Amino acid sequence: MISAHVPNLELCRQLKSLGYPQETEFWWLFNPIIKHWSVTNCVRGPEMCSAPLVSELAEWVIKQNCGLPRWTTANCWEVYGLPDNECLAFDGSMPDAYATQCLEILKGKEKV
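Residues numbered from 1 in each chain as written. Predicted model: local features only at pLDDT ≥ 70, side-chain atom pairs only at ≥ 80, totals over all residues. Heavy atoms only, no water.

> Mind showing me how you'd approach the overall build of the chain here?
Looking only at helices and strands, the chain features three helices and six strands. Order of helices (α) and strands (β) in the chain, N terminus to C terminus: α-β-β-β-α-β-β-β-α. Taking all 112 residues of the chain together, the buried fraction comes to 39%. (Helix = DSSP H or I, 4+ residues; strand = E, 2+ residues; numbered from the N terminus. Buried < 20%, exposed > 50% of the residue type's maximum accessible area, 1.4 Å probe, protein only.)

Written out as structure tokens, the structure reads:
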């Protein structure tokens, strides 16, 4: 299931609102007939937002000159890119950890 390889819908919406590039391989799409969001790569429309793969998120983070999230012995992700080199412990999926790091980088850019 491809949705296990992309961030959850809410994180993807936040990425979109902060200006994360929307040119990705997969998209969150709302199906009005069954009233359900799902990940697709077939169609694009106005009620969509990108669903970037972990590899797409990692490539973007590297281009921002930031370290990648890493799994710790405390069974959580350490997310970098925060002000003053702070570290955020994040207990969630790998795609969500990478998306969280992208959000922190984008929020930091917004403050500048």
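Having seen the model, we can carry on.
> Before we go on, may I ask you to explain the side chain of Thr40 in this structure?
With respect to the helices and strands, Thr40 occurs in strand S2 (residues 36-40). Since its relative accessible area comes to 13%, Thr40 is described here as buried. With residues near it in sequence (within four places) discarded, Thr40 still touches Glu25, Phe26, Trp27, Leu29 and Met48. (Contact = heavy atoms within 4.5 Å.)

> What is the right way to look at the packing of aromatic side chains in this model?
The geometry of an aromatic ring pair is captured by two quantities: the separation of the ring centres and the angle between the planes. Enumeration over the complete set of coordinates arrives at two aromatic pairs. A centroid spacing of 5.4 Å and a plane angle of 55° characterise the contact between Phe30 and Trp37, whose relative ring orientation is tilted. (Phe/Tyr/Trp six-rings, centres within 6.5 Å; stacked < 30°, edge-to-face > 60°.)

> Explain the environment of Glu25 to me, please; I cannot follow it from the model alone.
Within the element layout of this structure, Glu25 appears in the loop between helix H1 (9-17) and strand S1 (27-31). Residues Glu25 and Thr40 lie 15 residues apart in sequence; the distance between their C-alpha atoms is 8.7 Å. Here Glu25 is in contact with Thr40, Asn41 and Glu56, once residues within four sequence places are set aside.

> Sorry, what's going on with H1 here?
For an α-helix the count is 3.6 residues per turn, leaving residues at separations of three or four pointing the same way. For H1, the complete set of buried residues consists of Leu9, Leu11, Cys12 and Leu15. All buried residues of H1 project into a common sector of 160° when viewed along the axis, lining one side. Two or three places before Glu10, at the opening of H1, Asn8 has a side-chain oxygen 3.1 Å from that residue's backbone nitrogen. Looking at the residues trailing H1, positive phi occurs at Gly19, about 95°. (Arc of directions from axis to C-beta. Polar contact = N/O pair within 3.5 Å; in protein donor to acceptor, adjacent residues only side chain to side chain.)

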